[in-house]
Amino acid sequence: MTHATAEPAAAPDATAATPHLLDVRDLHVEFHTAEGLSKVINGVSYHLDPGETLAVLGESGSGKSVTAQAIMGILDTPPAVIRSGQILYQGRDLLTISEEARRQVRGKEIAMIFQDALSALNPVFPVGWQIAETLRVREGLSRADARRRAVELMELVKIPAARERISDYPHQFSGGMRQRVMIAMSLAMKPRVLIADEPTTALDVTVQAQIMDLLADLRRELNMGMILITHDLGVVADVADRIAVMYAGRIIEHADVRSLYKSPAHPYTKGLLESIPRMDVRGQKLATIKGLPPNLMDIPAGCPFHPRCPYAQQVCREVVPPEIPVGAPGRYSACHFAKEVHDGRLG
Amino acid sequence: MAASADTRTKVRGETILAVDNLVKHFPISQGILFRKTVGAVRAVDGVSFELRRGETLGVVGESGCGKSTLARLLMRLETPTSGRATLEGRDLFAARGGELRRLRRNMQMVMQDPYTSLNPRMTVGDIIGEPFEIHPEVAPKGQRQARVRELLDLVGLNPEHINRYPHQFSGGQRQRIGIARALALRPEIIVCDEPVSALDVSIQAQVVNLLEQLQDELGLSYIFIAHDLSVVRHIADRIAVMYLGKIVEIGTEDEIYERPTHPYTQALLSAVPVPDPELRGQREIIRLTGDVPSPANPPSGCRFRTRCWKAQEICAQQEPLLVPQAADPHPSACHFAEVDTRVNPG
């Protein structure tokens, strides 16, 4: 692993004076596979402050989950290799500290919930035991105390009749309740950062609404920073403060949620917003983004989106676009024509 | 006989498929030596609807509502417990042997998962051409290859890729292969079971547009099963909302989305996140509490009453019928059916 020692190229608004709670800087991750070298993360920078929700939006293979796994330190290495970059948590680089120190951060400071609660829970232990396990191991609580805390946590995530259900097994819970159990587990150590990786994708809409409400309430009560990884532009619009759109292992647009939906500054974001059917808009013809997401073993030269982009020019095929500031401070788009797209002066 | 379906004059809007009081109960059994039935999962419990020529009927509902079982029943992959269905006037469930084969030819299915629904050891040409083995009258042996190429072209794939294997295609392309296979026998009805749920957002629109284009060109009727209400609104002409094995409301796209009268439909619609942050906090969202009850032991009377904010005594005692309501003339199965101004102001 090599790490940039000097001040790396950080996001425009990252200042050294006020360190962010979590600050990912210029992260590069590769996967060495039998088929070849796959460049999964190609210079991702984002930051998170207490109490805010950052949505990381992208399609399969965009690198949104891999970035989260790198932050958590749960990337399988090999095949993954972190080439360069920093992950600063309260100013400390998680990539350079010892595995023991890392363990202290994982779960206790930064916790994560996953899409599929059924496979994330152990089927042969009661849920209460699984929630309490963390507390016994990490905080040295006695069985009885840990159990008491587990009931409290289950009540915190609004599982009805928590006291009676503490001895039930995961299969006895519905999908929504299992997701609540997982949230309870992740909150056991009172983390400052919660990474939610597609937390409601496997759930029905009415249950999704319940879980998103719960996460928003908990984030407010516990003043956590939340990274919401999703592909659903509807969910983002409902809960996030800021949004980072990922494509081919890069953040191609970063903005506060309102301005991004109002005037996207990257053709990919614009295409995504136009291609989703809207329930509140009738009779629209769906726009499509032509082609397919790139093969990460063979990312196109220049702008990775250029083969699919309706506005692509010669420069897009040759030069990787820099992060061009548009609109409000902190907002940027990695497109040569960011300002034109933002102002609607193209197409 | 086989040709009669093709030569008959086809009127758009006439009923092509009529389903009457369809029921499917899966028995729950207990015991190892002496198995006995102790109950039944009532997956589909009295569903009736009509599908018209050239239209898309959307079927929406949450997991466990019976929408996929309904699809499997119509495809005759499951045997119904009771009920009738007629396809162009012929009894779908009484058909046997050759007649069943002919009926099946006319109704094909597109599956949800483009990864597991294609045999990885078969080439695309073999996958799409396989239906001709069972129905050789559709394409004589010599013409099959040409017909498969035609189908590939129709769904927007390169006909040169006829000898490739499924793993060489992306998810969206695989779904196109599944659609080409469904079209091979020139069916009039295609049952699409969550055809775009497994696809990325930017690819979903491509497949939805393809389905619409094929419908226009070939005059197909679709039964479009999905849990994504936005996609369904986009593609469907009429929509049936299912809850615990029953249709609770059915109507045109406009009636269901603009003037729903069943509380479940209203809650379902209000829970769908709208991709517009300006509306945050302004939209009223009806929060349903709890989970869907077990279909093995559904609540008495109205099945939605355990989660319904309007529920009264009568809802536990009397099952509401799916009938036109005073609030709006489309059928809705609720004792207190009315348009909710929270969901559809004005």
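Residues numbered from 1 in each chain as written. Chains lettered and ligands numbered in written order. Predicted model: local features only at pLDDT ≥ 70, side-chain atom pairs only at ≥ 80, totals over all residues.

Asker: Before we move on, can you summarise the interface of chain B and chain A with the specific residues and values?
Answerer: Contact residues are listed per partner, giving 32 residues for chain B and 34 residues for chain A. Counting residues per element, the ones that place at least two in the side of chain B that touches chain A are helix H7 (201–218), helix H8 (229–235) and helix H10 (263–271) of chain B. Broken down by element, the side of chain B that touches chain A gets its largest block of residues, six residues, from H7(B). Residue classes in the side of chain B that touches chain A are distributed as 16 nonpolar, eight polar and eight charged. (Contact = placed C-beta atoms within 7 Å. Helix = DSSP H or I, 4+ residues; strand = E, 2+ residues; numbered from the N terminus. Nonpolar A, V, L, I, M, F, W, Y, C, P; charged D, E, K, R; others polar.)

Asker: Tell me about the pairing of strand E4 (residues 82–87) of chain B, and name the residues and values.
Answerer: It is a general feature of regular strands that their side chains alternate between the two faces of the sheet. Residue and element names in this part refer to chain B. Where strand E1 (residues 15–30) meets E4, five bridges bridge the pair, whose relative direction is antiparallel. Within E4, the residue paired with aspartate 20 across the bridge is arginine 84. Bridge count for E4 against strand E5 (residues 90–91) is two bridges, and the pairing is antiparallel. Within E5, the position partnered with leucine 87 by the bridge is arginine 90. What sits between the antiparallel neighbours E4 and E5 is a turn of two residues, in which glutamate 88 has the positive phi angle 50°. (Pairing = 2+ DSSP bridges.)

Asker: Account for the sheet that holds strand E2 (residues 36–52) of chain B, naming residues and giving values.
Answerer: Residue and element names in this part refer to chain B. Taken in spatial order, the four strands of this open sheet run E2-E1-E4-E5, and their pairing is antiparallel. Single-partner strands in this sheet number two, and they are E2 and E5. Along the sheet, helix H2 (residues 67–74) makes contact with E1, E2 and E4, crossing E2 at roughly 75°. (Axes fitted to C-alpha atoms, helices over the stretch in contact; angles between N-to-C directions.)

Asker: So what about the domain arrangement of chain A? Which residues, and what values?
Answerer: Residue and element names in this part refer to chain A. Assigned domains within chain A: domain 1 (22–109 + 191–342) and domain 2 (110–190). Inter-centroid distance (C-alpha atoms) of domain 1 to domain 2 is 29 Å. Across the contact, 26 residues belong to domain 1 and 19 residues belong to domain 2. Considering every element that reaches the side of domain 1 that touches domain 2, the biggest residue donor is helix H8 (residues 205–222), with six residues. (Domains from an automatic or database assignment.)

Asker: Account for the sheet that holds strand E8 (residues 225–230) of chain A, with residues named and values stated.
Answerer: The strands making up a sheet associate through hydrogen bonds between their backbones, and the pairing can be parallel or antiparallel. All names here are of chain A. Pairing is mixed in the open sheet, where eight strands are placed in the order E6-E7-E8-E3-E9-E10-E12-E11. Each edge of the open sheet is held by one strand with a lone partner, namely strand E6 (110–113) and strand E11 (324–325). Alignment of strand E7 (residues 193–197) against E8, held across five bridges, turns out to be parallel. Paired with leucine 194 across the two strands is methionine 226, which belongs to E8. The strands touched by helix H7 (residues 175–187) are E6 and E7; relative to E6, the strand with the most contacts, the crossing angle is about 170°.

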